Amino acid sequence: MVDLGKLADSFDRPAIERHRFYDDPVGFADACIRWPKRRGLTAYQREIIGAVPVHRKVAVRGPHGLGKTTTAAVTVLWFALTRDLSGVDWKIATTAGAWRQLEFYLWPEIKKWSRLLDWAAVGCDPLSERSELLALNLKLGHGQAFAAASDNPALIEGVHADAVLYIFDESKAIVPATFDAAEGAFSGAGSNGLEAFALAMSTPGEPNGRFFDIHSRRPGLEDWHTRHVTVDEAIDAGRISSDWVEQRRKQWGAASAVFANRVLGEFHSSDEDGVVPLEWIEAANERWNLWDAAGRPTVPGVRTVGVDVARSGSDSTVMALLDGVVVTELRRTSREDTMQTTGRVQGIVAATPGRTPIVDVIGVGGGVVDRLRELGISVTAFNASEGTSLTDRSGELGFINARSAAWWRLRELLDPAYGAMLALPPDDLLTGDLTAPHWRVMSGGKIQIEGKDDIRKRIGRSPDSGDAVMQAVWESAHDNGAAAWIAYLGRKVDAGKAAADAARAAADEAAAVSSRSVDRLSSARTAAFQDQHRSRF
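Residues numbered from 1 in each chain as written. Predicted model: local features only at pLDDT ≥ 70, side-chain atom pairs only at ≥ 80, totals over all residues. Heavy atoms only, no water.

*Asks:* Break down the sheet that holds strand 11 (residues 356-360) for me, with residues and values.
*Replies:* Overall, mixed pairing links the five strands, which are arranged 10-9-8-11-12 in an open sheet. The open sheet has two edge strands with one neighbour each: strand 10 (326-333) and strand 12 (380-382). Taken pair by pair, the neighbouring strands of this sheet meet at an average axis angle of 20 degrees, ignoring direction. Two strands pair when backbone bridges link them, and strand 8 (residues 303-308) and strand 9 (residues 317-323) are joined in this way by six bridges, in the antiparallel orientation. Looking across to strand 9, one finds that arginine 303 is bridged to aspartate 323. Here helix 19 (residues 464-472) sits on the sheet and contacts strand 8, strand 9, strand 10, strand 11 and strand 12; the angle it forms with strand 8, its principal contact strand, is near 145 degrees. (Pairing = 2+ DSSP bridges. Helix = DSSP H or I, 4+ residues; strand = E, 2+ residues; numbered from the N terminus. Axes fitted to C-alpha atoms, helices over the stretch in contact; angles between N-to-C directions. Contact = heavy atoms within 4.5 Å.)

Dropping the structure here:
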């Protein structure tokens, strides 16, 4: 317990010197974190964190799994604690391309590493998770860190303090206006003791947006220090395995956009003749994550199960369960006979009455269709090669066959230009399958989607998961009554943002009450640091 009278006497003393790790985030990480056995910052993480106080603006791109969230969390803790214990007015705004990234990844990571801090080395008592380090907010004596939605630049623009840090997580999806909103803090940085720093990190995507412009060294953005962490660096550091890289190369293809983005850490456009762009799939994955985080609510609309029956020993039988506009799960089996597959489909239908199996009838799938009908189960036989009178959304283009029409329907359900609602589970194999097919317009004004056998020859495997999803949505409408579901998820996300804002407001109010009660004296934590640890720094 700090004696307030003693604290008042100390208020007239000269300001304490800066924390010994004030300008040394790497030293802070080494000395103040009790790293698990054989763990610690990788060489590139040390370089990235160390670059923040030197270059002020740091942008990092690299492959999936290199440790971006850990890097950001350690940077937040270093900045918050060293500034607060030095009596500096500070703020940290954390934002990300998706709110879920803040709620489920970045802030839990901040909490995780705070529990592994060596508080004696830091120079203060542990943070309280009841009053200081909350779910999406850190409030200390001289400043606070908080989560801010990237689609609300005003929250970023309103950050004012003597020392400011911006964390831009999964930056490829953050709009330029949010980056621009942070620039106000940098206008006066470097003079009158003011500080401003930014750390932007992401797996890259399409070659567009502010994060891409920064790495492309576009005019006016040269003050950003950029770093590309290569897949070889991540392998050498033990963060990524070479086996994983090889499997993704086989799965996605070395020339694919998804391989370039997620494995090589490079910006890359989806194939111009690809049916479904990668960024549409990633948006659908985010919708699935929101549905999952909301407790997997019941979704209105048709219920189907797309069944792509294995034709050879190397192929898999895949069942894609669709509820309204959510592909709730994928079930894969291999080396089963048709009766085993039939039994699995029968079990799925029995568990959710009214669900319609849509089964590829060509080849061995015909036996599954026949047996399901013998069992009295209503089933749609999907014949990929049969003709169709369907047209695309514009009504101008027809299709060579039902397979082409079904893949195009899937594309239209994922097209953000038309209010895409379809939600897909994050699944590497599915992602590879959906980005694999190519398309072209034939001379007769009909769209042709690349055949399954042609895809197998080109990429070395059959896109079974993609075909199962394509079949699952074959009989779905463009809406499926999903507007209410989308609105529900929107409310859930907004509620999460509102809760974060409310927590920040509560922390501000608590700080104001505390400030009045001690007559504007320094915080007890800083005072304890001054009294007990002056000799250390």
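Moving on from the model shown.
*Asks:* Outline the sheet that holds strand 15 (residues 446-449), supporting the account with residue identities and numerical values.
*Replies:* The mixed open sheet is built from three strands, whose spatial order is 13-15-14. Of all strands in the sheet, those with a lone pairing partner are strand 13 (398-399) and strand 14 (439-441), marking the two edges. As paired strands, strand 13 and strand 15 are joined by two bridges and run parallel to one another. Across the sheet, glycine 398 pairs through a bridge with lysine 446, a residue of strand 15. Here helix 16 (residues 402-414) sits on the sheet in contact with strand 13, strand 14 and strand 15, set at roughly 90 degrees to strand 15.

*Asks:* I'd like to hear about the side chain of glutamate 109, residue by residue, with values.
*Replies:* On the secondary structure map, glutamate 109 appears in helix 5 (residues 99-114). Beyond its immediate stretch of four places on either side in the chain, glutamate 109 contacts Thr69, Thr70 and Ala73.

*Asks:* Could you give me a rundown of the pairing of strand 9, with the residues and numbers involved?
*Replies:* The side chains of a regular strand alternate between the sheet's two faces. With seven of its seven residues buried, strand 9 lies for the most part within the structure. Residues Thr317, Met319, Leu321 and Asp323 line one face of strand 9 and the alternating positions Val318, Ala320 and Leu322 line the opposite face, and both faces are buried. In textbook terms, the turn of a hairpin is the stretch between consecutive antiparallel strands, and for strand 9 and strand 10 this stretch comprises two residues, one of which, glycine 324, has a positive phi near 65 degrees. (Buried < 20%, exposed > 50% of the residue type's maximum accessible area, 1.4 Å probe, protein only.)

*Asks:* I'd love a proper account of the packing of aromatic side chains, names of residues and values included.
*Replies:* Here the structure, examined in full by the defined rule, presents 12 aromatic pairs. On the basis of an interplanar angle of 55 degrees and a centroid distance of 5.9 Å, the ring pair of phenylalanine 211 and phenylalanine 267 is categorised as tilted. Linking phenylalanine 211 in helix 9 (residues 210-215) with phenylalanine 267 in the loop between helix 12 (257-262) and helix 13 (278-293), this pair joins segments that are 56 residues apart in sequence. In this structure, phenylalanine 211 and phenylalanine 267 share a single accessibility class: buried. Clustering of aromatic rings is evident, with ring pairs tying together Tyr166, Phe168, Phe179, Phe186 and Trp224. It is arginine 83 that lies over the ring of tyrosine 22; its NZ or CZ is 3.6 Å from the centre. (Phe/Tyr/Trp six-rings, centres within 6.5 Å; stacked < 30°, edge-to-face > 60°. Lys NZ or Arg CZ within 6 Å of the ring centre and 35° of its normal.)

*Asks:* Hey, could you go over the confidence of the model for the chain for me, with residue numbers and the actual values?
*Replies:* Caution applies to low-pLDDT regions: their predicted coordinates should not be interpreted in detail. Averaged over all residues, the pLDDT of the chain equals 86, while 85% of them reach at least 70. Confidence, expressed as mean pLDDT per element, reaches its minimum in the chain at helix 1 (residues 4-10) with 37 and its maximum at strand 1 (residues 57-61) with 98. In the predicted structure, residues 1-15 sits below a pLDDT of 50 and forms 17 contacts with residues beyond four places in sequence or in another chain. The low-confidence segment residues 533-537 (pLDDT under 50) makes 16 contacts with residues lying over four places distant or belonging to another chain. (pLDDT = per-residue confidence, 0-100.)

*Asks:* An account of the packing of helix 2 (residues 25-32) against helix 3 (residues 43-55) is requested, with residue identities and associated values reported.
*Replies:* Where helix 2 meets helix 3, the closest approach of the two axes is 7 Å, and the angle between their N-to-C directions is 130 degrees. Taken together, the axes of helix 2 and helix 3 lie oblique to each other. On helix 3, the residues touching Pro25, Val26 and Asp30 of helix 2 are Arg46, Ile49, Gly50 and Pro53. In terms of residue class, the contact of helix 2 with helix 3 is made up of four nonpolar, one polar and two charged. (Parallel < 35°, antiparallel > 145°, perpendicular 65-115°, else oblique. Nonpolar A, V, L, I, M, F, W, Y, C, P; charged D, E, K, R; others polar.)

*Asks:* Help me get a handle on unusual backbone geometry, residues and values and all.
*Replies:* In this model, glutamate 170 sits at a positive phi of 45 degrees, which is unusual for a non-glycine residue. In this fold, glutamate 170 is placed in the loop between strand 5 (163-169) and helix 8 (176-187). Of note in the backbone geometry, arginine 217 takes a positive phi value of approximately 60 degrees without being a glycine. Within the element layout of this structure, arginine 217 appears in the loop between helix 9 and strand 7 (225-228).

*Asks:* So what's going on with the environment of arginine 39? Which residues, and what values?
*Replies:* For arginine 39, the location among the structural elements is in the loop between helix 2 and helix 3. Taking the C-alpha atoms as reference points, arginine 39 and glycine 238, separated by 199 residues in sequence, lie 9.9 Å from one another.

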